[in-house]
Amino acid sequence: MSFVGKYQLESQESFEPFMKAIGKVFFFFFSPRTGQMYVVNFILGLPDELIQKGKDVKSISEIEENGNNFKVTFTTGSKVLVNSFTIGQEAELETITCEKVKVGLK
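Just so we're clear, the structure is a prediction, and the values are computed from it rather than from any experiment.

Here is what the cut-offs are and how they apply
Residues numbered from 1 in each chain as written. Predicted model: local features only at pLDDT ≥ 70, side-chain atom pairs only at ≥ 80, totals over all residues. Heavy atoms only, no water. Pairing = 2+ DSSP bridges. Helix = DSSP H or I, 4+ residues; strand = E, 2+ residues; numbered from the N terminus. Salt bridge = Lys/Arg side-chain N within 4 Å of Asp/Glu carboxyl O. Buried < 20%, exposed > 50% of the residue type's maximum accessible area, 1.4 Å probe, protein only. Contact = heavy atoms within 4.5 Å. Axes fitted to C-alpha atoms, helices over the stretch in contact; angles between N-to-C directions.

1. Thoughts on the pairing of strand β6 (residues 79–86)
Argument step 1. In this structure, strand β5 (residues 69–76) lies alongside β6, joined through 8 bridges in antiparallel fashion. Bridging across to β6, Asn69 finds its partner in Thr86.
Argument step 2. The hairpin turn running from β5 into β6, its antiparallel successor, is 2 residues long, and Gly77 in that turn takes a positive phi close to 60°.

2. What about the pattern of salt bridges?
Argument step 1. A complete count under the given rule lists 1 salt bridge for this structure.
Argument step 2. Across the pair Lys100 and Glu94 runs a salt bridge, and its minimum N-O distance is 3.7 Å.

3. Here's the deal with the environment of Ser84
Argument step 1. In this structure, Ser84 sits in strand β6.
Argument step 2. Residue Ser84 is classed as partly exposed on the basis of its relative accessible area of 45%.
Argument step 3. Note: C-alpha distance between Ser84 and Asn69 (15 residues apart in sequence) is 7.3 Å.
Argument step 4. In this view, Ser84 contacts Phe70, Lys71, Ala91 and Leu93; residues no more than four positions away in its chain are not counted.

4. Brief notes about the sheet that holds strand β1 (residues 5–8)
Argument step 1. Strand order in the open sheet formed by 4 strands is β1-β4-β5-β6, and the pairing between neighbours is antiparallel. The sheet terminates laterally at β1 and β6, the two strands that pair on one side only. Across this sheet, the average inter-strand angle for adjacent strands is 10°, counted without regard to direction.
Argument step 2. Taken together, the 4 bridges between β1 and strand β4 (residues 59–66) define a ladder with antiparallel strand orientation. The residue of β4 that forms the bridge with Gln8 is Ile60.

Next comes the structure, spelled out in structure tokens:
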């Protein structure tokens, strides 16, 4: 099973309470080559004004895989956020709040 592809947000019921409650967002990636699921988490702590803006915005996520290399592109309105990483290596990723975080992906 692969998550490679392009995904468009269709609905987001209870978005505001969900974003306030979690404080973290987890992205799951399955590599058909290794047969393993990988998890990337971002600690967002989004300010209320960003949560309000995000309620009505439709986003598109695109996941690309080339071996152990992944590229994830999030397009939300006019903002495009691109993060690339390699399984087994530390990577610096950018959050939606433009903060840089270092993650290790195994």
